[in-house]
Every structure is written in structure tokens, then in C-alpha cells.
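Below, each chain spelled out in residue letters.
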Amino acid sequence: MNIYISGLSFSANDADLNNLFAEYGEVSSAKVILDRETGKSRGFAFVEMTNDTEGQKAIDELNGVEYDQKVIAVSIARPRTEKTSNGGRNYNNSRRY
């Protein structure tokens, strides 16, 4: 199960998340997303857990709790959508005149 975590403290790292979620079951990966230019945390992360039941329990128990002095939001990660070059607008099907 892929899990999305937002609202993280900028000091949180992969090992911190791994330890937090390991309390609920086996973690196969934990990755804090970093800014490409600065290398600093962007305040969100993804955790992958091998067991869906354990993953759901982690979501249920960690969503909305305070972690490292910030309230985090924890949910099932949605698949990434492709971005379009025009900001998601479909100009071909809309008339502007």
C-alpha cells in the first residue's frame, strides 16, 4: 500500500518516517520528497507498506496527529497524473469567442 504524508516538519527524514510507520507493520520504503534545487524537504513524503491492513491502520491512527510539532495528514497515495504543457486546460474543446 502506498501512503501519502503531508504537513511534515522540514527536518523529518526517510529514517524518521520509516521508524514511525514501522510501529504499524513492515515498511518497504519511506521517502521524503526533496526540492531539486535546494535539496531541502518539501514537507511531504511517501511510505510504502507491504501489508494493506497494516497500512490502513497506520493511516487511521496517524492522520491528524501531531508529529515533530506539526499536524500531519496521512492518506492513501493516488496515482500521479500527467501534467500538460498548458496547465491542464483543454483549449481544443472550448470556444473563447
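See the structure printed just above.
Computed from a predicted model, the values in this text were never measured in an experiment.

Chemist: Outline the pattern of salt bridges, supporting the account with residue identities and numerical values.
Modeler: Applying the stated criterion to the full structure yields 2 salt bridges. When the shortest N-O distance is used, the salt bridge between Asp 14 and Lys 31 registers 4.0 Å. Taken together, the positions of Asp 14 in helix H1 (residues 14–22) and Lys 31 in strand S2 (residues 27–34) put the pair 17 residues apart, joining distant regions of the chain. Lys 31 gets classed as partly exposed once you look at its relative accessible area, which sits at 42%. Two residues, Lys 57 and Glu 61, come together in a salt bridge whose shortest N-O distance is 4.0 Å. Residue Lys 57 and its partner Glu 61 are located together in helix H2 (residues 52–62), separated by 4 residues, close to a single helical turn. Glu 61 sits in the partly exposed class, given a relative accessible area of 41%.

Calculation notes
Residues numbered from 1 in each chain as written. Predicted model: local features only at pLDDT ≥ 70, side-chain atom pairs only at ≥ 80, totals over all residues. Heavy atoms only, no water. Salt bridge = Lys/Arg side-chain N within 4 Å of Asp/Glu carboxyl O. Helix = DSSP H or I, 4+ residues; strand = E, 2+ residues; numbered from the N terminus. Buried < 20%, exposed > 50% of the residue type's maximum accessible area, 1.4 Å probe, protein only.

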